[in-house]
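Spelled out, the chains give:
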Amino acid sequence: MSSIAFRGYDELISLLDAAASQPSVEERVRRVERDLCLLIKSGAIELPESFRQPDGQRYARRLLHKSDDPKYTALIMVWGPGQGTPLHDHAGIWCVEGVMEGQIDVVQYELLEEKNGLCRFERRTLERAGVGATGCLIPPFEYHTILNADPESSSITIHVYGGEMTECNVFMPRDDGWHARETRPLAYTD
């Protein structure tokens, strides 16, 4: 649970709670995606300044809300110019991502082969997402990178996960076209 209050918070949590009660993962994801897009585009959410600050070292990852179950967690991520992620997964957890400010590039990959802790991927799609754009990841289709597409300003995204993601796998490229899998713990900024 969060004690944060800002314009649009109660409406956001109410919509996420309703979406989380849907009977299937696909229905939950589609409802979160639809409702999040509508809220962002309407300008109903006004984040406090403490959630809007970038981190100089890497993208900022701030907990917005964790449901009691936890059926879901909602995070705000702030991407400074040039900040992004390595190729990673979501540890088997569904996710909906929405752009609140700026632009991000999301590149999705398909896992082609896995052998002895090494993975081979093929790049599938690149999507430049602007304000109000949403996207989803439902395992096993969860391999992707995210990059702030704005070279001069921060971009802000909201991420809703089907649980609490405390770690993920990142895939570091090697010279032979394979990627080495590394499990990394995740933490919140501030």
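Residues numbered from 1 in each chain as written. Predicted model: local features only at pLDDT ≥ 70, side-chain atom pairs only at ≥ 80, totals over all residues. Heavy atoms only, no water.

This part covers unusual backbone geometry. Here the amide bond leading from P139 into P140 is cis, since omega sits at 15 degrees, within 30 degrees of zero. With a phi close to 55 degrees, A91 is a non-glycine residue in the positive phi region. Locating A91 in the fold gives a position in the loop between strand 2 (73-79) and strand 3 (95-101). At N116, a residue that is not glycine, the phi angle is positive and equals roughly 55 degrees. (Helix = DSSP H or I, 4+ residues; strand = E, 2+ residues; numbered from the N terminus.)

Quick reminder: α-helices carry 3.6 residues per turn. Residues three or four places apart thus point the same way. The terminal C-alpha atoms of helix 1 (residues 9-20) lie 16 Å apart, and with twelve residues this matches the ideal 16 Å at 1.5 Å per residue to within 8%. Among the residues of helix 1, Y9, L12, I13, L16, A19 and A20 are the ones counted as buried. Taken around the axis of helix 1, the buried residues stretch over an arc of 125 degrees, which confines them to a single face. Considering only its buried residues, helix 1 is in contact with helix 2 (25-42), strand 1 (60-66), strand 2 and strand 8 (155-161). (Expected span 1.5 Å × (residues − 1). Buried < 20%, exposed > 50% of the residue type's maximum accessible area, 1.4 Å probe, protein only. Arc of directions from axis to C-beta. Contact = heavy atoms within 4.5 Å.)

On to the sheet that holds strand 6 (residues 134-137), then. Pairing within the open sheet is antiparallel, and its five strands lie in the order 1-2-8-3-6. This sheet does not close on itself; its edge strands, each paired only once, are strand 1 and strand 6. Each adjacent strand pair in this sheet contributes to an overall mean axis angle of 20 degrees, direction not counted. Here strand 3 pairs with strand 6 via four bridges, running antiparallel. Of the residues in strand 6, the one forming a bridge with E97 is G135. The strands that helix 1 touches are strand 1, strand 2 and strand 8; relative to strand 1, the one it contacts most, it runs at about 70 degrees. Where helix 2 meets the sheet, it contacts strand 3, strand 6 and strand 8, and its direction lies at approximately 5 degrees from that of strand 3. (Pairing = 2+ DSSP bridges. Axes fitted to C-alpha atoms, helices over the stretch in contact; angles between N-to-C directions.)

Relative to the 26 Å expected for 18 residues at 1.5 Å per residue, helix 2 spans 26 Å between its end C-alpha atoms, a close match to the ideal helical length. The complete set of buried residues in helix 2 reads R28, V29, V32, E33, D35, L36, C37, L39 and I40. Remark: G43 follows helix 2 within two positions and exhibits a positive phi of approximately 75 degrees.

Strands in a sheet are paired, the pairing made by backbone hydrogen bonds, and the direction either parallel or antiparallel. Strand order in this open sheet of five strands is 7-4-5-10-9, and the pairing throughout is antiparallel. The open sheet has two free edges, formed respectively by strand 7 (143-148) and strand 9 (167-173), since each of these has just one partner strand. Strand-to-strand twist of the sheet, defined as the mean angle between neighbouring strand axes without regard to direction, takes the value 35 degrees. Pairing analysis gives six bridges linking strand 4 (residues 104-115) to strand 7, with the strands arranged antiparallel. Paired with Y109 across the two strands is Y143, which belongs to strand 7.

On to the packing of aromatic side chains, then. Using the criterion set out here, one finds six aromatic pairs in the structure. Ring geometry for F6 and Y9: centres 5.4 Å apart, planes at 75 degrees, overall edge-to-face. Neither residue differs from the other here; F6 and Y9 are each classed as buried. Both rings, one in Y59 and one in W79, keep their centres 4.4 Å apart while their planes meet at 25 degrees; by these two values the pair is stacked. A residue pair is termed long-range when its members are at least 10 positions apart, and Y59 in the loop between helix 2 and strand 1 and W79 in strand 2 qualify at 20 residues. Exposure class is identical for Y59 and W79. Each is buried. Taken together, the aromatic side chains of Y109, F121, Y143 and F171 make up a single cluster linked through ring pairs. The residue whose ring lies beneath R58 is Y59, and the NZ or CZ to ring-centre distance is 4.5 Å. (Phe/Tyr/Trp six-rings, centres within 6.5 Å; stacked < 30°, edge-to-face > 60°. Lys NZ or Arg CZ within 6 Å of the ring centre and 35° of its normal.)

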